[in-house]
Amino acid sequence: MTMQPDGRYVDQAPYDPEAAAEARSAELDMSNARLLWLRFKQHKLGLVSAIFLLLSYLSLPFAGFIAPYAPNERLEDYIYAPPQGMHFFHEGKFIGPHVYPTTAEMDLESFSWKYVPDTSSPAMLEFFCEGSDYKLAGLIPSNTHLFCAPEGATMFLFGADRLGRDVFSRILYGAQLSLTVGLVGITVSFVIGIVLGSIAGYFGGFLDWIINRVIEVLRSLPELPLWLALSAAVPSHWGPVSVFFIISIILGILDWPGLARAVRSKFLSLREEEFVKAAEMMGAKPSRVIKKHLLPNFLSHLIASATLSIPAMILGETALSFLGLGLRAPAVSWGVMLNDAQNLASIEIYPWTAIPMLPIVIVVLAFNFFGDGLRDAMDPNRS
Amino acid sequence: MALLRFAVFRFLTMLATLVVVSVLVFLIITLPPGDYLSNQINELRATGQSAGIAKAEFLRAEYSLDQPLWKQYLIWAGFMPGPHGFAGLLQGEFGWSFEFDKPVADLVGGALWMTVLVNLAAVLFIYAVALPLGILAAAKSKTWVDYTSAFVGYLGLATPNFLLALILFYYGNRYLNLPIGGLMDPQYEGQPMSFDKMKSVLIHLIIPTFVIGTSGAAAMMQRLRANLLDELGKPYVETARAKGMSEPRMLTKYPLRVAFNPFVADIGTLLPSLVSGSVLVSVVLGLQTIGPLLLSALKSQDLFLSAFVLMFVALLTLIGTLISDLLLALLDPRIRFGGRER
């Protein structure tokens, strides 16, 4: 660079129009999705959470394969057996993953069973072994498990519950219901919220007034008592699958007002824009204007806020099942499992029955971080 | 004057909402097929006990449960005379609990006050915790103070209330010698209010308040922090700093006042979840609030009891929302004079 006599600076290099164009358009030419991804990547916690959630959901169909036991398989000799460690070193030597077989002994002081591990004879874990029958993804019958308990020993990673069922296996199976409850619920809430919100926002007038009042009433009511009342209305003779769907629909029915409000306020501001007027003048029907011109404008934002309300539903299912009004016994969900840990005595004596709370906390946190990351990435006002 | 008009308007809206809520509540409760009395009558018939049937039939007629649904509702709400003239919610007549064989009013009596007390304590707790922590987190944003409070906040949001309750109860009892279960020592139950009873209730309230308030406090803290951070980026803050104003004084004098608005408004959205939480926690911890009553009434389809409890819970949140709206109007003239809609 050289300084001109009049004080300006001029680059000596010859002007290259292509380089200038390239430098300018690197970001501009990217697709929206790619931009979003670039911004989302910067939210490290959100990224980690997204990967974790993806893995969790992908593993749902394979719960039967990963779990060593069937969800309702009862080992009567191992009631309330404590968690067993998976060991790799036996007497200082590496011999691969193994467990120590335990024997039950009656403790005559506290009148409870004590499980004493026999540390002299390690039992090697088996891999890709045959165990109880299950259906892969609910379709393909199989009996191969990732790992199973060796002959004559047990493999209770997280202990056993009051009927001698493996807590670890039940957590994996429970995830199938607990994790999908939120998805079904959010779908219901999403559909109702968008339909009613866009009707209210687009047409305004009397419809708007009615929908607004409904939203206000629903939002001013405490959710849990209503959830309780609605789920108490579910007939007790229904099968687990229908109860599951009804419960998720109940969770969704009370969740939509927040979403509908967001949709409505967006519509109110967007419908005054020129592109909407133009579409209307060209004779587009309201349904087309809403679907093609208005919704795409903030759908991504809606998805982010929907992500943030999934955890509330997961917690809701847990609370309902915990109180005995949600999913019931033969079905396995985290809430149903926690039903066992309902009293102080079991928390004090058998703390591992409360282990299902760990996946709940982790999943809820992950959804929160993921939603935060998404929202930040989609925020157009971001600096 | 404008404030008074606003107050009257809000109060009337609340009454209208309450009517809608009562319809909703009644509908939801009568949704499942059958009711307590017909279940009982069937059971008595099946076991061949004819003595009880007459009483159940009498109760059915007495509380007009043999009428069509819309009439049942009108009579229950007190819009229409029942078999013995006006006797419904509006007249202060709450109906009969078939399960406990007692008037609903006798049954819920003290529990109502305890419910109000527990929720009030939780609201106070939320303000007491969220206000200083939220300000601190915003003022010291991107430092360990901020990160720690965010982490604790997230954890509070993610932990199921009822488990937190059980765990805190266990450790509170073990290490701090806090009492387990209930809202007062057994010897004070049914006793008139005295200093010792107050003390007992207060000690018993510590853990429930903490449990019910945590998630609300976390949410409010985050909101306050976000609002404050927005304000802190504005030019007037820079001006104040440039003039050499001390940081704490500047913070409390200008940005905090603006950021405070949503803080009051939030109580409206916070209360429903708070009441929800208190119902759940009461069931788990065996507090003598209406939570456990609601659960058992819902399970046994005890119509009047569950309807009354649901109505009371709704009323509690509506009154809370009303108060927060009025406070907000007092605080911010824009709301008082500006558009009521949106």
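Residues numbered from 1 in each chain as written. Chains lettered and ligands numbered in written order. Predicted model: local features only at pLDDT ≥ 70, side-chain atom pairs only at ≥ 80, totals over all residues. Heavy atoms only, no water.

Notes on the confidence of the model for chain B
This prediction gives chain B a mean pLDDT of 78; 90% of its residues lie at or above 70. When pLDDT is averaged over each element of chain B, helix α9 (residues 235-242) of chain B comes out on top at 88 and helix α14 (residues 333-337) of chain B at the bottom at 60. (pLDDT = per-residue confidence, 0-100. Helix = DSSP H or I, 4+ residues; strand = E, 2+ residues; numbered from the N terminus.)

Thoughts on the domain arrangement of chain B
All names here are of chain B. Taken as a whole, chain B is organised into domain 1 (2-103) and domain 2 (104-335). Here domain 1 and domain 2 have C-alpha centroids that lie 32 Å from each other. Summed over both sides, the interface between domain 1 and domain 2 buries roughly 2700 Å², with carbon and sulfur atoms accounting for 77% of that surface. Taken together, domain 1 and domain 2 are joined by zero salt bridges. Run the count over domain 1 and domain 2 and you get zero residue pairs in polar contact (both at pLDDT 80 or more). Elements that contribute at least two residues to the side of domain 1 that touches domain 2 include exactly α1 (2-30), α2 (36-47), α4 (69-77), β1 (96-97) and β2 (102-103). The leading source of residues in the side of domain 1 that touches domain 2 is α1, at 14 residues. (Domains from an automatic or database assignment. Buried area = accessible area lost by both parts, 1.4 Å probe. Salt bridge = Lys/Arg side-chain N within 4 Å of Asp/Glu carboxyl O. Polar contact = N/O pair within 3.5 Å; in protein donor to acceptor, adjacent residues only side chain to side chain.)

Notes on the interface of chain B and chain A
Of the residues lining the interface, 39 residues belong to chain B; the matching set on chain A comes to 40 residues. Taken together, both faces of the contact between chain B and chain A bury some 3500 Å²; the carbon and sulfur share is 82%. Taken as a group, Tyr154, Leu166 and Tyr170 of chain B account for 16% of the area that chain B buries against chain A, more than any other trio of residues on that side. Along the contact surface separating chain B from chain A lie zero salt bridges. Taken together, chain B and chain A are joined by zero residue pairs in polar contact (both at pLDDT 80 or more). Residues belonging to the side of chain B that touches chain A are distributed by class as follows: 31 nonpolar, five polar and three charged. (Contact = heavy atoms within 4.5 Å. Nonpolar A, V, L, I, M, F, W, Y, C, P; charged D, E, K, R; others polar.)

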